[in-house]
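So the chains spell out like this:
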Amino acid sequence: MRTLMIICLLAVGLFLVPQSTLGVKMSIVSVTAYSYNGGSYPHNITASGKRVQEGMVAVSRDVERNLKLKFGDKVMLHGLGVFEFQDRMASRWRLKADIFMHSNRKASRFGVRRHIVLVKLV
């Protein structure tokens, strides 16, 4: 009787264990920064049709495809923060992300950061 009770409690316990519902998709990328200082259309417009602003990120098409990103999705670049996907890069780029900065100087000083983990926030 005692054995049966323990087995029943174990079985009930298995069904009560919460299952993870958070799916994490990630990619390792090189990150650069770009800026926009005046000029004409379309250089200040993203692929999603929005004006560029800080907090936006452009990613290479392979990363967009692998992470199944849609415009407006939030992504986290490890050590850099959370950005909104609003732009895509030219098709020649692979495993790359490009963050927008208002200042040319700030973007230049940012340089290239290699092997940053990009995580799609679900």
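Okay, so let's go over this structure.

Rules and cut-offs
Sequence order as written defines the numbering, with residues in each chain counted from 1. Note on the predicted model: pLDDT of at least 70 is required for a residue's local features to be given, and 80 or more for side-chain atom pairs to be given and counted; whole-chain, interface and lining totals, by contrast, use all residues. Excluding hydrogens and water, the side-chain values take into account all heavy atoms of the structure. Paired strands, as defined in this entry, are two strands with at least two bridges between them according to DSSP. Secondary structure elements follow DSSP: runs of H or I of four or more residues count as helices, runs of E of two or more count as strands, with numbering from the N terminus. The axes are straight lines fitted to the C-alpha atoms, using for helices just the contacting stretch, and the angles between their N-to-C directions are given from 0 to 180°. Think of it this way: a Phe, Tyr or Trp ring, Trp meaning its six-membered ring, pairs with another when their centres are within 6.5 Å, and the plane angle makes it stacked under 30 degrees, edge-to-face over 60, tilted otherwise. Under the scheme applied here, a residue whose accessible area is under 20% of the maximum for its type counts as buried, over 50% as exposed, and between as partly exposed, the area being computed with a 1.4 Å probe on protein chains only. The rule is short: NZ of Lys or CZ of Arg within 6 Å of the ring centre and within 35 degrees of the ring normal puts a charge over the ring.

Remarks on the sheet that holds strand E6 (residues 113-120)
Strand pairing within a sheet occurs via backbone hydrogen bonds; the two strands may be parallel or antiparallel. A barrel is described by the order of its strands in space; here 6 strands give the closed sequence E1-E5-E2-E4-E3-E6, paired in mixed fashion. Here the strands of the sheet are splayed against their neighbours by 45° on average, with no regard to which way each runs. Examined bridge by bridge, strand E1 (residues 25-34) and strand E5 (residues 96-100) share 5 bridges and lie parallel to one another. Paired with alanine 33 across the two strands is isoleucine 99, which belongs to E5.

Observations concerning the packing of aromatic side chains
The full count for this structure, using the stated rule, is 2 aromatic pairs. Here tyrosine 34 and phenylalanine 100 contribute two aromatic rings whose centre-to-centre distance is 5.3 Å and whose plane-to-plane angle is 65°, an arrangement assigned as edge-to-face. Separated by 66 residues along the polypeptide, tyrosine 34 in strand E1 and phenylalanine 100 in strand E5 bring together distant segments of the chain. Tyrosine 34 gets classed as buried once you look at its relative accessible area, which sits at 19%. Judged by its relative accessible area of 3%, phenylalanine 100 is buried. Relative to phenylalanine 85, the ring of phenylalanine 71 lies with its centre 5.1 Å away and its plane at 25°, an arrangement referred to as stacked. Of the two residues, phenylalanine 71 is situated in the loop between helix H2 (61-66) and strand E3 (74-77) and phenylalanine 85 in strand E4 (residues 81-88); the sequence distance between them amounts to 14 residues. A relative accessible area of 34% places phenylalanine 71 in the partly exposed class. With relative accessibility at 0%, the residue phenylalanine 85 sits in the buried group. Looking at lysine 96, its charged tip hangs above the ring of tryptophan 93, at a distance of 5.0 Å from the centre. One residue, arginine 113, lies across the ring of phenylalanine 110, its end atom 4.0 Å from the ring centre.

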